[in-house]
Amino acid sequence: MENTFTINGKQCRVTLDSTGLSWSVQDSSHGKFRVPAAEVISCWSCPKGSLKCCPRQEENLTNYPENEGLTSEDNESKLSTISTTSNSLLPGSNSGFHYGTTERNNTSQCESNAGLSTDKQHSTVAPSSIPNAHGEKSNDDSSCRLKERFTGLPFKDCVHSKKLNKTPALAVEICERVLPSSLLRGCCSGDGEVMVTTWKSRVLVLQHEATDTVSSWLKALWEVVTGNPLRPRHLLVIVNPVSGSKTSERLYNLRVAPFLHRAGIRVTLRKTTHSGHAGELAAEATMESDVDGVVTVSGDGTFAEAITGLMRATASQLGVSIDDRNTAFPKISVNLGLIPGGSSNAYVTACHGTGDTTTSVLQIIMGTCRNVHLGGLYVQDQLVHVSQMNVHVGYVAGVIEMSSSLRHLGPNRNIIAGAKEFFQKRSYECEVRYLAEENVRDLLHLDEPECQAACLACHASSTQVNTRHSQGKWVQLKGEYDIVSFNASRAECSYSIYGVSPLCHVNNGYCDGVLVSKLSKPRFLLHMFRISSTKNHITKAPVVAFRTSELHCRILTQPSPLSCDGELRYYPEFVFKMHRQCLSVYSRGREPLSALDLSTLTNYFK
C-alpha cells in the first residue's frame, strides 16, 4: 500500500508492506525512514496520538491503584480490575475502528479467579477478537474468559476529534532506539565501540483527509503487526511481590501491562507465594501449547527459579535425566523474558546492556530472541540448580547471606550488609579443579570485543550445540580466597558497572572463574573499588582468572554460604558445568552503532 499522509506537519509518501512501514518526506533530500513490522507496538485512531484513545489502554489508565502499598485488600481489588480487563481493537469496519466494551461473567468462580492469583487459579487478559497471523480470531475455551462485544465507534467520536475538530488520523506507536545525544546533534556516523542498549516508545500521527483511507490503513497495519511470527501471542507473567523494594506488582501494572495490552498480547498473570514457586508456575507453561513465553517481574533469583522449573519439566517430557552431568541439557521450547524488579538486576543488564524497564518490555513485544547458555550446579550426582548468571563463594556470598536478614531495609540492605561483611573480613579456604581446554585463551589476556548482538564468539559456539568434547588438562588450585566467583554472564549491576567478568559471553559455553586471593583490608577495599568502576580489575590484584566449561569446587572452611544467582545455598562441594543453546531469551543484545543504518532510523525524523 502507498499513499500520502501528513506526519509532523510534513507531506510524506508512506509505504506499507509485510516487512513494515516506511516513508520519505516530499521535497527533501533525506532518504526513507523505516520501521520494521516487529518494531510497531500498536495502532489506533486519534489525531493527537493520545494513548488514552487506544481502546485497549483506556481502562488501564483510569484504574491504576493510587496508593503505593500493594498488599492491602483495597489495592488487591484494584489490581484485579486492572489485570483482568482489557479492551480490544478490531480493525476493518466501514465506520472506522471498533471499541470493545467488556462484559464479565458474574459467577462466583470467575470473581475468585480475578487478579493476581496465589494458587492454581489464574486470570487471563485475552483480547480474543484480535486476528492472529493467519487472520483468524483466537478462541479461549475457559469458562471464566472475559466475554467481549464490540460496538461501532466512528472516528469523529474520538475525544480529540470532537474537541479539536481535527481530521481523522492514524496513531502508530513504535519502538525507537535511544541514540547518543552527540550523534543526534548532526553527526551521521558512529564509532563501532559505542553500543546502543536502550529503547523507548514513540507515537507517530499519520493524518489524511479521507476517513476510509485511514480506516483501511488501520486494518492493514494491524494485520502486518499481528502477522509477525516473532511476536508472542500469549505470555505467562510471574510476579514476585517481595523482590527488590517490594514494588514488582506496581511496576507491572504501571509500566508493563499498558504496553502488553496495547500490543494485543494475551497475559496469564500469576504471583509467587513461597520460595521455588516461580519454578512450579513456569513448569506449568510447558503443558500449555498456546503459551509462547514466560516473563518474570522480579530479580535474578526468581528468574533462575523459573529456568530451573522449565528445564526439569522439559527434561521430564523428553525422558532425559539431567541429574547426570554428562547429559546435555535439552532446549527449552518456551522463550523467557525478564522485567527488572529486583535489587541488582544483573542478568537483564547482561542481556540488554541496560536495566531499563521500558527496554525490557519492548524487547519482549518485538519478539527477537537470542540463545544463551546455562550452568548446571551438581551436588552428589544430582542437579540442584540451573544458573544463568553466577555462583559465588566468599565475600559476595557473605553479603547475600547477611542481606537476607535485612530485607525490610529494601535495596539499601546490600550496602549495609557489604559494610558489615567488610569489617568482619572473612576469607575461605577452597580447592578448585577446572578443565583448561587447549583452544581457550587465558582470560587475563583476552582482547576480544564484548558480548553484543550477532556476537561472533557466541555464534561460533552456537553451531556446536552441546556436541563438543574438548581436549585439555585439569588444573588444580588451592588457597585462601576473599572472593571465589564463577560467572556465566558479566554480572554487571549498579554495584559493578562493567561486571565481575567484563568479557564474559552469554552463549559461548564457558564460565569465567575469578579467584581473589586473601588481601589486607586496605588492599581489599581498593580492589572492590576497581570492581565497581573499571574493566581491568582482574589484572590489578592477586587474581587467578580462567575460562572453562567445567569445574569442581570444594570449600574447606565451614560453614560457608554459596550464592547461586542471588539465592543462598550451603554445599561444601559441588560441580559447575556449562551447557550451550539451552534457552532463548527475549533480547537483541548490545547493538554497535557501526552495525546500524542510521539514515533509516526514525530518531532523525522530527
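Rules used in this analysis
Residues numbered from 1 in each chain as written. Predicted model: local features only at pLDDT ≥ 70, side-chain atom pairs only at ≥ 80, totals over all residues. Heavy atoms only, no water. Core = buried A, V, L, I, M, F, W, Y, C linked by side-chain atoms within 4.5 Å. Buried < 20%, exposed > 50% of the residue type's maximum accessible area, 1.4 Å probe, protein only. Helix = DSSP H or I, 4+ residues; strand = E, 2+ residues; numbered from the N terminus. Contact = heavy atoms within 4.5 Å. Salt bridge = Lys/Arg side-chain N within 4 Å of Asp/Glu carboxyl O. Expected span 1.5 Å × (residues − 1). Pairing = 2+ DSSP bridges. Axes fitted to C-alpha atoms, helices over the stretch in contact; angles between N-to-C directions. Parallel < 35°, antiparallel > 145°, perpendicular 65-115°, else oblique. Left-handed = near helix turned anticlockwise from the far one by under 90°. Nonpolar A, V, L, I, M, F, W, Y, C, P; charged D, E, K, R; others polar. Polar contact = N/O pair within 3.5 Å; in protein donor to acceptor, adjacent residues only side chain to side chain.

J.: What exactly am I supposed to notice about the nonpolar core here?
T.: Nonpolar side chains in soluble globular proteins tend to be buried together. Counting 41 residues, the largest nonpolar core has Val294, Met311, Phe329, Leu374 and Leu583 as the members making the most contacts within it. Where this core is concerned, the elements lending two or more residues are strand 13 (234-239), helix 8 (277-285), helix 9 (300-318), strand 16 (335-340), helix 10 (346-352), strand 17 (369-378), strand 18 (383-387) and strand 27 (573-586). Of the residues forming this core, the biggest block, six residues, is contributed by helix 9. Dropping the residues within four chain positions of it, methionine 311 is found in contact with Ile322, Phe329, Pro330, Ile332, Leu374, Val386 and Cys582. With 34 residues, the next largest nonpolar core counts Phe5, Val14, Leu593 and Tyr604 among its residues.

J.: Whenever I open this one, the environment of isoleucine 538 confuses me. Can you help?
T.: Assignment of secondary structure puts isoleucine 538 in the loop between helix 15 (521-533) and strand 23 (543-548). Isoleucine 538 sits 38 residues away from valine 500 along the chain, and the two C-alpha atoms are 8.5 Å apart.

J.: Sorry if this is basic, but what is going on with the pattern of salt bridges here?
T.: Tallying each qualifying case throughout the model produces 23 salt bridges. Note that glutamate 39 and arginine 177 form a salt bridge whose closest N and O atoms lie 3.9 Å from each other. Taken together, the residues span a long stretch of sequence, with glutamate 39 in the loop between strand 4 (33-36) and strand 5 (40-45) and arginine 177 in strand 10 (residues 169-177) at a distance of 138 residues. One exposure class covers both glutamate 39 and arginine 177, and it is buried. Here aspartate 381 makes a salt bridge to arginine 325, at a shortest N to O gap of 3.9 Å. One end of the pair, aspartate 381, is in the loop between strand 17 and strand 18; the other, arginine 325, is in the loop between helix 9 and strand 16, with 56 residues separating them in the sequence. Classification of arginine 325 by relative accessible area gives partly exposed; the value is 24%.

J.: Mind showing me how you'd approach helix 9 here?
T.: Owing to its 3.6 residues per turn, the α-helix brings residues three or four apart onto one side. Between its terminal C-alpha atoms helix 9 stretches 27 Å, which fits the 27 Å expected from 19 residues at 1.5 Å a residue. Just past helix 9, the residue glycine 319 takes up positive phi, approximately 70°.

J.: I would appreciate a short explanation of the sheet that holds strand 3 (residues 20-25) in the present structure.
T.: In any sheet, the strands associate via hydrogen bonds between backbone groups, in a parallel or an antiparallel arrangement. An order of 4-3-2-1-12-10-5 is seen for the seven strands of this open sheet, with the pairing classed as antiparallel. Of all strands in the sheet, those with a lone pairing partner are strand 4 and strand 5, marking the two edges. Looking at each pair of strands side by side, their axes are set apart by 30° on average, direction ignored. Across the sheet, helix 6 (residues 211-226) is in contact with strand 1 (2-7), strand 2 (10-17), strand 3, strand 5 and strand 10; its angle to strand 5 comes to roughly 155°. Across the face of the sheet, helix 7 (residues 248-262) comes into contact with strand 5, strand 10 and strand 12 (199-207) while running at roughly 70° to strand 5.

J.: Explain the packing of helix 12 (residues 395-403) against helix 13 (residues 413-424) here, please?
T.: A pair of packed helices is captured by two measures, namely the crossing angle of their axes and the spacing between those axes. The N-to-C vectors of helix 12 and helix 13 enclose an angle of 125°; their axes lie 8 Å apart at closest approach. Compared by their axis directions, helix 12 and helix 13 come out oblique. Every pair of crossing elements has a handedness; the one defined by helix 12 and helix 13 is right-handed. Each of Tyr395, Gly398, Val399, Met402 and Ser403 in helix 12 lies in contact with helix 13, whose residues at this interface are Arg413, Asn414, Ala417, Gly418, Lys420, Glu421, Phe422 and Gln424. Grouping the amino acids of the contact of helix 12 with helix 13 by side-chain chemistry returns five nonpolar, five polar and three charged.

J.: Looking at this structure, I do not really get the pairing of strand 23. What am I missing?
T.: The side chains of a regular strand alternate between both faces of the sheet. Burial within strand 23 is extensive, with five of its six residues counted as buried. Summarising the sheet, strand 22 (residues 511-517) and strand 23 pair through six bridges and their orientation is antiparallel. Among the inter-strand pairings, valine 516 is bridged to a residue of strand 23, identified as valine 543.

J.: Sorry if this is basic, but what is going on with the side chain of asparagine 507 here?
T.: Inspection of the secondary structure puts asparagine 507 in the loop between strand 21 (472-487) and strand 22. Within polar-contact distance, the side chain of asparagine 507 engages the backbone nitrogen of histidine 373 at 3.4 Å. A polar contact of 2.9 Å, which involves the side chain of asparagine 507, links it to the side chain of glutamine 581.

J.: How should unusual backbone geometry be read in this particular structure?
T.: In terms of backbone geometry, most residues other than glycine have negative phi values and most peptide bonds are trans. With a phi close to 50°, lysine 425 is a non-glycine residue in the positive phi region. By secondary structure assignment, the location of lysine 425 is in the loop between helix 13 and strand 20 (428-437). On the accessibility criterion, lysine 425 (18% relative accessible area) is buried. With a phi angle near 55°, aspartate 565 is a residue other than glycine that sits in the positive phi range. Tracing the backbone through its elements, the reader meets aspartate 565 in the loop between strand 25 (562-564) and strand 26 (567-569).

J.: Would you take a moment to explain the packing of helix 8 against helix 9 for this structure?
T.: Helix 9 packs onto helix 8 with a crossing angle of 45° between their chain directions and a minimal axis gap of 7 Å. For the element pair helix 8 / helix 9, the angle class is oblique. Remark: the crossing between helix 8 and helix 9 carries right-handed chirality. Contact with helix 8, carried on its side by His277, Ala278, Gly279, Ala282 and Ala283, involves Thr302, Glu305, Ala306, Gly309, Leu310 and Ala313 of helix 9 and no other residues of that element. In terms of residue class, the contact of helix 8 with helix 9 is built from six nonpolar, four polar and one charged.

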